[in-house]
Amino acid sequence: MTEIATRAATAEAIHDAPGSLITLLTDTAELTCNTATFDEGAAGAPVHFHTKATEFFHVTAGRLDILVGDEVQTLDAGDFLAVPPGVKHAFAPAAGHTASVFVGFTPGMGRFDYYRLLGRVNAGEATVQDIKDSSATYDNHYAESAAWSGRRRSAEP
């Protein structure tokens, strides 16, 4: 493997949903990395799992709620969590907080086009069905979770 360097000034940034910004860092066969910044109240990532990749999270600022299996955990700035393949997970800023997170996948697999697709959906240029149809391509399979749904409801005033 050769050196990987991404400069902040030239990194591609994608608004994938209201209050959410993804900055693309690297996307190789071994490793995919990005940063995600969430405004307070942003929806975050819905419940999903990966069949091949471990996804890891390092919270760099704020607080992040993350579903792992059937348990919702709250990570604070400096906390790290890795979710192995096959385990349902979701994430969003904790109620009343923003969150900035370094996110990675190993192995990588050309996920940047998935993030670009999310950006196109946010811009009205693609549909949610396009995302669902891409599940096998990007190893991003959607699921349901009563624990995650309950978290969202319990956070509402």
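Conventions we followed
- Residues numbered from 1 in each chain as written.
- Predicted model: local features only at pLDDT ≥ 70, side-chain atom pairs only at ≥ 80, totals over all residues.
- Heavy atoms only, no water.
- Core = buried A, V, L, I, M, F, W, Y, C linked by side-chain atoms within 4.5 Å.
- Buried < 20%, exposed > 50% of the residue type's maximum accessible area, 1.4 Å probe, protein only.
- Helix = DSSP H or I, 4+ residues; strand = E, 2+ residues; numbered from the N terminus.
- Contact = heavy atoms within 4.5 Å.
- Phe/Tyr/Trp six-rings, centres within 6.5 Å; stacked < 30°, edge-to-face > 60°.
- Salt bridge = Lys/Arg side-chain N within 4 Å of Asp/Glu carboxyl O.

Novice: So what's going on with the nonpolar core? Which residues, and what values?
Specialist: The biggest cluster of nonpolar side chains holds 30 residues, and the ones touching the most others in it are Phe-38, Phe-57, Leu-64, Ile-66, Phe-91, Val-101 and Tyr-115. Sorting the residues of this core by element identifies β2 (20–27), β3 (32–38), β5 (54–68), β7 (80–83), β9 (99–106) and α1 (112–122) as the ones contributing at least two each. Looking at this core element by element, the count peaks at 6 residues for α1. Discounting chain neighbours no more than four positions away, the residues touching Phe-91 are Phe-38, Ala-43, Gly-44, Ala-45, His-48, Glu-55, Phe-57, Leu-64, Asp-65, Ile-66 and Trp-148. Val-47, Leu-67, Ala-90 and Trp-148 belong to the second-largest nonpolar core, a separate cluster that totals 5 residues.

Novice: Would you mind going over unusual backbone geometry in detail, with residue names and values included?
Specialist: Excluding glycine, most residues fall at negative phi; most peptide bonds, likewise, are trans. Here the amide bond leading from Thr-106 into Pro-107 is cis, since omega sits at -5°, within 30 degrees of zero. Relative to the helices and strands, Pro-107 resides in the loop between β9 and α1. Of note, Asp-139 is a non-glycine position whose phi angle comes to about 50°, a positive value. Its place among the elements puts Asp-139 in the loop between α3 (135–138) and β10 (141–142).

Novice: Could you give me a rundown of the packing of aromatic side chains, with the residues and numbers involved?
Specialist: Scanning the entire structure with this criterion turns up 6 aromatic pairs. For the ring pair Phe-56 and Phe-80, a centre distance of 6.1 Å and an interplane angle of 35° mean the geometry is tilted. Taken together, the positions of Phe-56 in strand β5 and Phe-80 in strand β7 put the pair 24 residues apart, joining distant regions of the chain. Residues Tyr-114 and Tyr-138 carry aromatic rings whose centres are separated by 5.7 Å and whose planes lie at 55° to one another, so their mutual orientation is tilted. Within this pair, whereas Tyr-114 is found in helix α1, its partner Tyr-138 is found in helix α3, the two being separated by 24 residues in sequence. In terms of burial, Tyr-114 and Tyr-138 fall into one category: buried. Through successive ring pairs, a cluster of aromatic residues spans Phe-38, Phe-57 and Phe-91.

Novice: Can you lay out the environment of Val-87 for me, pointing to particular residues and giving the numbers?
Specialist: Counting through the fold element by element, Val-87 comes out in the loop between β7 and β8 (89–93). Considered as a pair, Val-87 and Leu-67 are 20 residues apart in the sequence and their alpha carbons are 9.6 Å apart.

Novice: Any details on the pattern of salt bridges? Residues and values, ideally.
Specialist: Tallied over the full model, the rule gives 6 salt bridges. Put simply, Asp-65 and Arg-151 hold a salt bridge, and the shortest N to O gap is 2.8 Å. Of the two residues, Asp-65 sits in strand β5 while Arg-151 sits in helix α4 (residues 146–155), which places them 86 residues apart along the sequence. Residues Asp-65 and Arg-151 agree in their burial class; the two are buried. Measuring nitrogen to oxygen at the nearest pair gives 2.8 Å for the salt bridge that ties Asp-113 to Arg-116. Taken together, the positions of Asp-113 and Arg-116, both in helix α1 and 3 residues apart, correspond to about one turn of that helix. Judged by relative accessible area, Arg-116 falls into the partly exposed class, the value being 29%. Here the residues in one salt-bridge network are Glu-12, Asp-113 and Arg-116, joined through shared partners.

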